[in-house]
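# Fold and geometry: a report
Each chain is listed here by its residues.
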Amino acid sequence: PLQFAIMRGIEFEVVWFDQDAIQCQVTYSNGPFCGATKIYLAHDDLSKTAETLIGFPSNIEDSRSFQLGAFEPNSAGGGISMSFRCVDSVGHAVVLVRLRADGCKGPNEPECVCLYIPVEAGSIDTFVTKARSINATKGAKAYLHMADHTVEWVQRAFPSLVKFTVPRWR
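Residues numbered from 1 in each chain as written. Predicted model: local features only at pLDDT ≥ 70, side-chain atom pairs only at ≥ 80, totals over all residues. Heavy atoms only, no water.

## Section: the side chain of Ser29
By the secondary structure assignment, Ser29 is in strand S2 (residues 22–29). Within polar-contact distance, the side chain of Ser29 engages the backbone nitrogen of Gly31 at 3.1 Å. (Helix = DSSP H or I, 4+ residues; strand = E, 2+ residues; numbered from the N terminus. Polar contact = N/O pair within 3.5 Å; in protein donor to acceptor, adjacent residues only side chain to side chain.)

Set out below in structure tokens:
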């Protein structure tokens, strides 16, 4: 619990691996809300995901979305869906995060969380660099730091964010 109080953003940490898969602990917080789950990934999933974020945000219309892990209740592990959006002409951005814990039956069931995390281009670049180099090393981490803006600032300044389409589960 103390880890959540200090960390604001999204962290992927390798907790286990074998020749076929990596298990990551995903920890996230936007200040008022926090949580964690474990997801299974192929060895290059996080690196490939990082590639999709290179250069974000490039303009006010820029958006990038992806899912990692499992979103079906009969699959092992949890899942994370991240939808990045540029919210103004000066490059403020937000990621809408939907997280499913192992055992969650559906999007509106217990063990499912959806929250905003304001982010900045520099922190995205740092995350991309770390995520591209993460390997099968226990304890390896990639961290996307939350911007200094609060979630309340995002909701007050950009009310259209509420209209984001929340990614559907497969």
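Right, picking up where we left off after that structure.
## Section: the pattern of salt bridges
When their charged atoms lie close together, side chains carrying opposite charge are able to pair. Tallied over the full model, the rule gives three salt bridges. A salt bridge links Lys48 to Asp44, with the nearest nitrogen and oxygen atoms 3.2 Å apart. (Salt bridge = Lys/Arg side-chain N within 4 Å of Asp/Glu carboxyl O.)

## A look at the nonpolar core
Core analysis: the largest hydrophobic core is formed by 34 residues, its most contacted members being Ile10, Phe12, Leu46, Ile80, Met82 and Phe84. Those residues in contact with Phe12 that lie beyond four places of it in its chain are Gln25, Val26, Ile39, Leu46, Leu68, Ile80, Met82, Phe127, Ile134, Ala140, Lys141 and Ala142. (Core = buried A, V, L, I, M, F, W, Y, C linked by side-chain atoms within 4.5 Å. Buried < 20%, exposed > 50% of the residue type's maximum accessible area, 1.4 Å probe, protein only. Contact = heavy atoms within 4.5 Å.)

## Details of the pairing of strand S3 (residues 34–41)
Note on strand geometry: in a regular strand, side chains alternate between the two faces of the sheet. Only one face of S3 is covered, namely the face carrying Gly35, Thr37, Ile39 and Leu41; the face carrying Cys34, Ala36, Lys38 and Tyr40 is uncovered. The pairing of S2 with S3 spans eight bridges and is antiparallel. Along S3, the bridge assignment pairs Gln23 with Tyr40. Between S2 and S3, which pair antiparallel in sequence order, lie four residues; one of them, Gly31, sits at a positive phi of approximately 105°. (Pairing = 2+ DSSP bridges.)

## Remarks on the packing of helix H2 (residues 45–53) against helix H3 (residues 121–133)
Across the interface, H2 lies against H3 with an axial gap of 8 Å and an inter-helix angle of 150°. Judged by the inter-axis angle, H2 sits roughly antiparallel to H3. Viewed along their axes, H2 and H3 form a crossing whose handedness is left-handed. Here H2 contributes Leu46, Ser47, Ala50, Glu51 and Leu53 to the contact with H3, which in turn contributes Ile124, Phe127, Val128, Ala131 and Arg132. For the contact of H2 with H3, the class distribution of residues is seven nonpolar, one polar and two charged. (Axes fitted to C-alpha atoms, helices over the stretch in contact; angles between N-to-C directions. Parallel < 35°, antiparallel > 145°, perpendicular 65-115°, else oblique. Left-handed = near helix turned anticlockwise from the far one by under 90°. Nonpolar A, V, L, I, M, F, W, Y, C, P; charged D, E, K, R; others polar.)

## Describing the sheet that holds strand S5 (residues 79–86)
Here four strands make up an open sheet; going across it, the order is S4-S5-S6-S7 and the pairing antiparallel. Each end of this open sheet is capped by a strand with a single partner; those strands are strand S4 (63–69) and strand S7 (112–119). Ignoring which end each strand starts from, the neighbouring axes of this sheet average 15° apart. With eight bridges connecting them, S5 and strand S6 (residues 93–100) associate as antiparallel partners. Counted as the bridge partner of Ser83 is Leu96 from S6. In the packing of H2 onto the sheet, contacts are made with S4 and S5, and the angle to S4 comes to roughly 175°.

## Some thoughts on H3
Given a rise of 1.5 Å per residue, 13 residues ought to cover 18 Å, and the 19 Å separating the end C-alpha atoms of H3 matches this to within 8%. Residues Ser123, Ile124, Phe127, Val128 and Ala131 constitute the buried set of H3. In an axial view of H3, the angular spread of the buried residues amounts to 140°, which keeps them on one side of the axis. In this fold, the buried residues of H3 make contact with strand S1 (9–17), H2, S5, S7 and strand S8 (141–145). (Expected span 1.5 Å × (residues − 1). Arc of directions from axis to C-beta.)

## Points about the side chain of Asp88
Among the structural elements, Asp88 can be located in the loop between S5 and S6. Here Asp88 falls in the buried class, since its relative accessible area comes to 15%. A polar atom in the side chain of Asp88 sits 3.2 Å from the backbone nitrogen of Val90.

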